[in-house]
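Examining the three-dimensional arrangement
These are the residues of each chain, in order.
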Amino acid sequence: MTVTLQPQRESIHPVDPRDHVATTLRDIANGEAIDLHGRTIIARADIPKGHKIAIRAAKAGEDVLKYGWPIGLALADIAVGDHVHVHNVATRLEGVEDFAWTPAEPEPRHEVAPRAFQGYRRKNGRAGTRNEIWVLCTVGCVANTARRIAEKANQRFAGRVDGVFAFPHPFGCSQLGDDLTHTRKLIAALASHPNAGGVLLLGLGCENNQLKALLESAPEIDRERLRGFTTQMVEDELEDGLAAVEALVEIAERDRREPIPISELVVGLKCGGSDGFSGVTANPLVGRIADKVADAGGTPVLTEIPEVFGAEGVLLARAASREIFDEAVCVIDDFKRYFIDNNQPIYENPSPGNIAGGITTLEEKSLGAVQKGGRAPLVEVLRYGERVGPHGLTLLEAPGNDAVSSTALTAAGATVILFTTGRGTPLGFPAPTLKIASNSGLAQRKPGWIDFDAGQVLAGVSMDDAADALMDLVVETASGQSTKAELNGEREIAIWKTGVTL
C-alpha cells in the first residue's frame, strides 16, 4: 500500500520570505482573490495548479527569486497576481562560471537515536538490502541470453534467494575511449554490489569489453560468489548459465539477514519528471532523510549534475574542504563543457513535462533538485562508475536521465534509492527504488507506481511527521519489504554513452 497520512488545503505556498513567487496548490481563476497571511492577492490570469503566481512585483531585467535564490530574469515587468512562467521569465545561465572557495560554517550535527535495518553483511564489510543473483553481460550480443538464463533460473530456484535478475544493455562492442571505460566500470561496479549474493558474468568472446580485462579492473569482486564464461566457448550457454546460477544459489541461500546500523546504509537520491511541487514537498522531504542518514553516519548520494546548474552555490557552500570544493567545481564545469563541446546550451532543460508541471527555468529545477541533499556537509565527489568511500553526503557524476543516473547510483553502492517524481514513471532499477510523489493527485492516480505521498505536507501533515514516516519506510524497505517497482518486475540498467560507435 502507498503510505499516506492525513490532509487539509490552502491556495498558494511561498517558500522563502524573499521570494517574488508562490506555488499554486490548486487551479486559480483570473480575478480570484487569494489570502496570503492576511494579505489579499488578486490573480491577473488563469494559473494552473503547480505553477507560480507573483506575490511581489519585479521589473524587466530584474532577478526573480524562489527558494530565496534567482530562478531567472524577468522578461517584462511582473505585477503582483501575474502568472510567472516561460512567457515572462528566462534563464540567466550561459556557460562555465567562476566560484570562490569560502570555508563552510559547520552545520550542527543532530544526534540520531540508534537504529538498524535487517540486512546482509558481505565479506568486504559492505551491507546489502537484498540477497539476489545478478546476471550481467559484457556486451549487448548476449543480452537476451542473460534474460533467458534469469527467467529459467527464477522458475528453477524460486524461493531460495530473493530472486535472479538479468541486467542487459546494448553496449560493450564497437566502443572506444571513455565509452568503453564507462561500460567496463559500470559492469564491474555492479558485480561488486552488496545486494548481489552471487553474480554470473556473461561474455561473447570477440567484444571490445573483454571479460578478462573487466575482471582485472574489479579487484573487489568476491570471486567465491562469481561465475563467468564467454558464450562462444561453450556448447550450450543456457545450460551452462543455469549450472553457474545453481552454484551461486547454493552459496547465497545460506546468507541470513542480521541487524545492521543505518550508518551502513547508502541511499541514492534521484529526481524523475519534476513538477512545480517537487521543490516544496518531495525533494525537501528526501533532504530530511539524507540528513537523518548522514547524521547517523550513513551515506546519501546526490547525482544528476545538469540539475545542479544554477544551484551550484547552494551545494558548493557546503563543501567540507577546499579539496572537495575544487573536485565538485571540476565535475560541474566538465559537465557544462560536455554540453558546450556538443554545441548544446547548458540550460536545455527543463523538459516539456517539467514545464507543463510548472517549472520555468533550469535554475528553478536545480534549486528544487539540490534540496534532496539536505543540509549535511559535502564530503566526497565521485566520477562516473566510482564507488562510495567515506560516510557522508556524496556528489556523483552522472547525467539527469532517470535510468542512467539511477544505474550510476547503484554502481556507486546505493542499496536503496529515493526517487522523487511529480509526473510518475514505472521504471525500476537494480537497487530497491522508492517512488515518492510530489503531489497527492499523482499518488492517488498511480497507486501501483507510488510508494509514498509527499503531497501530504501541503495538506496539514508536518514535514517532521512525514519525514519520520518516510524514514520508517526506508528502513522497512532496506529490511526486505518490496517496493512497487519490485512488485511490478521493473528492473533496468542504462549506461552513459558519450562518444562514437565504430
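Bear in mind the structure is a predicted one, so any value in this text is a computation, not a measurement.

As for the environment of Arg-375
For Arg-375, the location among the structural elements is in the loop between helix H9 (362–369) and strand S19 (378–382). Taking the relative accessible area as the measure of exposure, Arg-375 reaches 57% and is therefore exposed. Along the chain, Arg-375 and Asp-291 lie 84 residues apart, while their C-alpha atoms are 6.5 Å from each other.

With respect to empty space enclosed by the protein
All told, the structure shown has two cavities of 30 Å³ or more when counted by the stated rule. Considered as a void within the structure, the largest cavity measures approximately 70 Å³ in volume. Counting residues per element, the lining of the largest cavity draws most heavily on H9, which supplies four residues. For the lining of the largest cavity, the class distribution of residues is four nonpolar, six polar and four charged. In this structure, the second largest cavity occupies an estimated 40 Å³ of space. Around the second largest cavity, the lining residues are Arg-126, Ala-189, Ser-192, His-193, Pro-194, Arg-387, Ala-411, Ala-412 and Gly-413. In the lining of the second largest cavity, the residues fall into four nonpolar, three polar and two charged.

As for the sheet that holds strand S8 (residues 83–84)
Taken in spatial order, the four strands of this open sheet run S1-S2-S5-S8, and their pairing is antiparallel. Two strands in the sheet have a free side with no partner beyond their single neighbour: strand S1 (12–13) and S8. In this structure, strand S2 (residues 21–24) lies alongside strand S5 (residues 52–54), joined through three bridges in antiparallel fashion. For Thr-23, the partnering residue across the bridge sits in S5 and is Lys-52.

Digging into helix H12 (residues 463–478)
Compared with the 22 Å implied by 1.5 Å per residue over 16 residues, the 22 Å span of H12 between its first and last C-alpha is a close match. Within H12, burial applies to Met-463, Ala-466, Ala-467, Ala-469, Leu-470, Met-471, Leu-473, Val-474, Val-475, Thr-477 and Ala-478. Buried-residue contacts for H12 involve strand S10 (116–121), helix H5 (282–295), strand S21 (416–421), strand S22 (433–437) and strand S23 (452–453). Two residues or fewer past H12, Gly-480 is found with a positive phi of approximately 125°.

Rules of the game
- Residues numbered from 1 in each chain as written.
- Predicted model: local features only at pLDDT ≥ 70, side-chain atom pairs only at ≥ 80, totals over all residues.
- Heavy atoms only, no water.
- Helix = DSSP H or I, 4+ residues; strand = E, 2+ residues; numbered from the N terminus.
- Buried < 20%, exposed > 50% of the residue type's maximum accessible area, 1.4 Å probe, protein only.
- 1 Å grid on protein atoms, 1.4 Å probe; cavity = no way out; pocket = protein on both sides within 12 Å on 5 of 7 lines; lining within 4 Å.
- Points joined across faces, edges and corners; volume = space filled by probe spheres on them.
- Nonpolar A, V, L, I, M, F, W, Y, C, P; charged D, E, K, R; others polar.
- Pairing = 2+ DSSP bridges.
- Expected span 1.5 Å × (residues − 1).
- Contact = heavy atoms within 4.5 Å.

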